[in-house]
Amino acid sequence: MTSEREVTHGVDTEEFAAFAEHAAENPEEVRLGLRARSTYEGTCAHSLATIDSYDLGGETIERDTRAYTIPYGGWREVLEAGGWAEATDRMEPIEVALSALASCINVGITINAVATGVDIDHLETRVRTDFDPGVLFSVEDLGNADTVFENLIAEIEIESPDLDKDEVDEWARRAPVYTLISLEQDVNLTVNTPAEVGADD
């Protein structure tokens, strides 16, 4: 007779603990290689982003059902003011980045809640910022890029019978997107021309 699984926050806690132990002992086997691509659609600021395969422990994971697309664009009113013909309203990459930050903070909190046996009755994270598009439109010099965003604020609303605000703050800061946005990252930017692409074949 098998014992009932203990499931909290939708996770089997025994399997979770075993995975965490395996990850601690074999970090290379759980290292992730992540990627995304975005193709210009012929209208300024419009691109179709695609997220599909990823690497886990050096192995590429691919399947037909893992093909997510996101149509990016801008704010209709801003595009109309800027002269876009037949402007439409689409998700703007900055807003999606903010939603990714908010969602990843939730990930950091809930994963660590599972790890420590903390129940959460309600969790919502709201993120906002003020954005100056001057650098984007070449009105400001690229050297002023560090002034583009002001007041990046994340507000976590949480209800838990075992609430420890300092603990929740730490869990939020463990979120990978928080690290990506809050810490200075080097982006190895490469520009390929058709001649260079052909030379690589």
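Because the structure is predicted, anything quoted here is derived from the model rather than measured.

1. Overview of the overall build of the chain
Link 1 in the chain: Helix and strand content of the chain: six helices and 10 strands.
Link 2 in the chain: In terms of C-alpha radius of gyration, the chain reaches 21 Å, well past the compact-globule figure of 17 Å for 201 residues.
Link 3 in the chain: When the backbone C-alpha atoms are referred to their principal axes, the chain occupies close to 65 × 45 × 35 Å.
Link 4 in the chain: Counting the 201 residues in the chain, one finds 24% classified as buried.
Link 5 in the chain: For the chain, the share of sequence-separated contacts (at least 6 apart) that also reach a separation of at least 24 residues comes to 46%.
Link 6 in the chain: A total of about 14,900 Å² of accessible surface is found on the chain, and carbon and sulfur atoms cover 51% of it.
Link 7 in the chain: Side-chain charges of the chain comprise 13 positive and 44 negative groups, with the mean position of each set lying 3 Å from the other.

2. Quick notes on the packing of helix α3 (residues 93–116) against helix α4 (residues 165–173)
Link 1 in the chain: For the pair α3 and α4, the least separation of the axes is 7 Å and the interaxial angle reads 120°. For the element pair α3 / α4, the angle class is oblique. Between α3 and α4 lies a crossing whose hand is right-handed. Note on element contacts: α4 touches α3 through V168, W171 and A172, opposite I105, G108, I109, N112, A113 and T116.
Link 2 in the chain: Within the contact of α3 with α4, the residues separate by chemical class into six nonpolar, three polar and no charged.

3. Concerning the sheet that holds strand β7 (residues 59–61)
Link 1 in the chain: The three strands lie next to each other as β3-β6-β7, forming an open sheet whose pairing is antiparallel. The open sheet is flanked by β3 (32–33) and β7, the only strands paired with a single partner.
Link 2 in the chain: Pairing between strand β6 (residues 54–56) and β7: three bridges, direction antiparallel. Bridging from a neighbouring strand, D55 pairs with T60 of β7.

4. Re a negative patch on the surface
Link 1 in the chain: Together, D119, D121, E159 and D162 make up a negatively charged patch on the protein surface.
Link 2 in the chain: Take E159: its relative accessible area is 45%, and that puts it in the partly exposed class.

5. With respect to the pairing of strand β4 (residues 37–40)
Link 1 in the chain: Two strands pair when backbone bridges link them, and β4 and strand β5 (residues 47–51) are joined in this way by four bridges, in the antiparallel orientation. The residue bridging Y40 from the neighbouring strand is S47, located in β5.
Link 2 in the chain: Hairpin connection from β4 to β5: six residues lie between these consecutive antiparallel strands, with G42 at a positive phi of about 95°.

6. Notes on helix α1 (residues 13–25)
Link 1 in the chain: In a regular helix each residue adds 1.5 Å, so 13 residues correspond to 18 Å; α1 covers 18 Å between its end C-alpha atoms and thus fits that length.
Link 2 in the chain: For α1, the N-terminal capping position is held by D12, with its side-chain oxygen 3.0 Å away from the main-chain nitrogen of E14.

7. What about the environment of V127?
Link 1 in the chain: Secondary-structure assignment places V127 in strand β9 (residues 122–131).
Link 2 in the chain: Classification of V127 by relative accessible area gives buried; the value is 17%.
Link 3 in the chain: Each C-alpha atom, one on V127 and one on A87, is 26 Å from the other, the two residues being 40 residues apart in sequence.
Link 4 in the chain: The contacts of V127, once residues within four sequence positions are left out, are L98, L101, A102, L152, I153 and A154.

8. Examining the side chain of E92
Link 1 in the chain: Mapping E92 onto the fold places it in the loop between α2 (76–82) and α3.
Link 2 in the chain: Reaching out from E92, the side chain makes a polar contact with the backbone nitrogen of I94 at a distance of 2.5 Å.
Link 3 in the chain: Not counting residues within four places of it along the chain, the set of residues in contact with E92 comprises Y72, G73, G74 and W75.

9. Remarks on the side chain of S47
Link 1 in the chain: Relative to the assigned elements, S47 resides in strand β5.
Link 2 in the chain: Residue contacts for S47: discarding those within four places in its chain leaves S38, T39, Y40, E41, I70, P71, Y72 and R90.

10. Some words on the sheet that holds β4
Link 1 in the chain: Reading across the sheet, the three strands line up as β4-β5-β8 and stay open at both edges, with antiparallel pairing between neighbours. A strand with exactly one partner marks an edge of an open sheet, and here the two such strands are β4 and β8 (68–72). In this sheet, neighbouring strand axes are inclined to one another by 25° on average, regardless of whether the strands run parallel or antiparallel.

What counts as what
- Residues numbered from 1 in each chain as written.
- Predicted model: local features only at pLDDT ≥ 70, side-chain atom pairs only at ≥ 80, totals over all residues.
- Heavy atoms only, no water.
- Helix = DSSP H or I, 4+ residues; strand = E, 2+ residues; numbered from the N terminus.
- Rg over C-alpha atoms; globule rule 2.2 N^0.38 Å.
- Buried < 20%, exposed > 50% of the residue type's maximum accessible area, 1.4 Å probe, protein only.
- Contact = heavy atoms within 4.5 Å.
- Areas by Shrake-Rupley, 256 points an atom, 1.4 Å probe, with all protein chains shown as cover.
- Lys, Arg positive; Asp, Glu negative; His and termini not counted.
- Charge placed at Lys NZ, Arg CZ, Asp CG, Glu CD.
- Axes fitted to C-alpha atoms, helices over the stretch in contact; angles between N-to-C directions.
- Parallel < 35°, antiparallel > 145°, perpendicular 65-115°, else oblique.
- Left-handed = near helix turned anticlockwise from the far one by under 90°.
- Nonpolar A, V, L, I, M, F, W, Y, C, P; charged D, E, K, R; others polar.
- Pairing = 2+ DSSP bridges.
- Patch = residues over 30% accessible without salt bridge, like charges linked within 9 Å, V, L, I, M, F, W, Y side chains within 5 Å.
- Salt bridge = Lys/Arg side-chain N within 4 Å of Asp/Glu carboxyl O.
- Expected span 1.5 Å × (residues − 1).
- Polar contact = N/O pair within 3.5 Å; in protein donor to acceptor, adjacent residues only side chain to side chain.

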